[in-house]
Amino acid sequence: SAVISQKPSRDICQRGTSLTIQCQVDSQVTMMFWYRQQPGQSLTLIATANQGSEATYESGFVIDKFPISRPNLTFSTLTVSNMSPEDSSIYLCSVAGLVTGELFFGEGSRLTVL
Amino acid sequence: AQSVTQLDSQVPVFEEAPVELRCNYSSSVSVYLFWYVQYPNQGLQLLLKYLSGSTLVESINGFEAEFNKSQTSFHLRKPSVHISDTAEYFCAVRGPHTPLVFGKGTRLSVIA
């Protein structure tokens with residue numbers, strides 16, 4: 001399994017600001033995934049971060065709102081732009097295992113937007 | 001595309017009693033199935049998985065799940081729960097070339 005570190009672990013943000021979440025993995029991985037878990041809800045895939053190419057976004061998520069960087073095989077960032085209270089969620093970084101793609105998750109970044 | 005239905009949003013159970021958390025899926029292709037656990041204020045941990053072979057899979061802490069293709073189910077069971085099993089449990093499914101799709105989760109509350 002991979003060890004995944006996320007920063008910040010939690011933050012309180014003001015409406016209209018942007019916050020960048022960092023994800024560091026202890027091994028090289030091809031694909032990294034960003035999920036959102038809204039309060040009391042399940043996980044929803046935001047996008048797949050590919051090294052060396054643009055991220056692939058799921059329906060309902062756009063690059064202007066959630067820009068993603070993937071500068072190398074062990075690191076990715078997700079920015080939540082122009083935040084509103086509806087963006088209050090846990091944002092989770094994950095990577096796929098070597099066999100059949102089970103996912104391993106970081107501890108998550110809990111954002112509260114006031 | 002795949003989808004997952006967890007039939008119970010909350011399951012209260014007394015300590016040392018058995019429990020079953022239900023999960024049904026839909027898919028037009030073969031699938032891989034997973035159960036994840038999320039303890040309070042923690043990230044998700046893989047509990048167990050079905051990839052192929054034996055339809056009964058087990059975790060190290062006494063949980064087991066059985067893949068039933070005819071009923072498209074992957075229910076999670078434990079014969080005797082502990083207080084420490086209190087958590088949110090997520091069933092998830094993916095196809096060979098599709099992202100992991102999660103159910104809405106079942107909150108297991110173990111009562112002393």
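Look up: the structure comes first, before these words.
Right, let's walk through the structure included here. Going along each chain's sequence as written, the residues are numbered from 1 onward. Whichever chain is written first becomes A and whichever ligand is written first becomes 1, with later ones labelled in order. Given that the model is predicted, a residue must reach a pLDDT of at least 70 before its local features are reported, and side-chain atom pairs must reach 80 or more before they are shown or counted; all residues, however, enter totals for whole chains, interfaces and linings. Neither water nor hydrogens contribute to the side-chain values; these are computed over all heavy atoms in the structure.

### Notes on the sheet that holds strand S1 (residues 4-7) of chain A
Residue and element names in this part refer to chain A.
Now for step 1: One bridge is not enough; two strands pair if DSSP finds at least two bridges between them. Each helix is a run of DSSP H or I of at least 4 residues and each strand a run of E of at least 2, with the numbering of both proceeding from the N terminus. Read across the sheet, four strands follow the order S1-S3-S8-S7 without closing on themselves; strand pairing throughout is antiparallel. At either margin of the open sheet sits one strand with a lone partner, and together these are S1 and strand S7 (68-72). Each adjacent strand pair in this sheet contributes to an overall mean axis angle of 15°, direction not counted. For helices, the axis comes from a line fit to the C-alpha atoms of the stretch in contact; other axes are also lines fit to C-alpha atoms, and the angle between any two N-to-C directions lies between 0 and 180 degrees.

### Considerations on the state of the cysteines
Where two cysteines share a covalent bond between their sulfur atoms, that bond is called a disulfide.
Residues and elements named next belong to chain A.
Now for step 1: Count a disulfide wherever a pair of cysteine sulfur atoms falls within 2.5 Å. Inspection of every chain in the model, using the stated rule, returns two disulfides over all chains.
Now for step 2: Between the sulfur atoms of Cys23 and its disulfide partner Cys93 the distance amounts to 1.9 Å. Its S-S torsion of about -65° marks the bond between Cys23 and Cys93 as left-handed, since a negative value means left-handed. With Cys23 in strand S3 (residues 19-25) and Cys93 in strand S9 (residues 89-96), this residue pair connects regions lying 70 residues apart in the sequence.

### Considerations on the interface of chain A and chain B
Now for step 1: Two residues form a contact once any of their heavy atoms are found within 4.5 Å. Between chain A and chain B, the contact holds 17 residues from the first and 18 residues from the second.
Now for step 2: Buried area: the accessible surface (1.4 Å probe) lost by two parts on joining, summed over both. Overall, the association of chain A and chain B removes approximately 1400 Å² of surface from exposure, summing both partners, and the carbon and sulfur fraction of that is 56%.
Now for step 3: In the sections that follow, a salt bridge refers to a side-chain nitrogen of Lys or Arg positioned within 4 Å of a carboxyl oxygen of Asp or Glu. Along the contact surface separating chain A from chain B lie zero salt bridges.
Now for step 4: Polar contacts, as counted here, are pairs of nitrogen or oxygen atoms within 3.5 Å of one another; within protein the pair requires one atom able to donate a hydrogen and one able to accept it, and residues that are adjacent in sequence qualify only if both atoms are side-chain atoms. The interface formed by chain A and chain B contains four residue pairs in polar contact (both at pLDDT 80 or more).
Now for step 5: Residue composition of the side of chain A that touches chain B, by class: seven nonpolar, six polar and four charged. For this classification, the nonpolar set comprises Ala, Val, Leu, Ile, Met, Phe, Trp, Tyr, Cys and Pro, the charged set comprises Asp, Glu, Lys and Arg, and every other residue, Gly included, is treated as polar.

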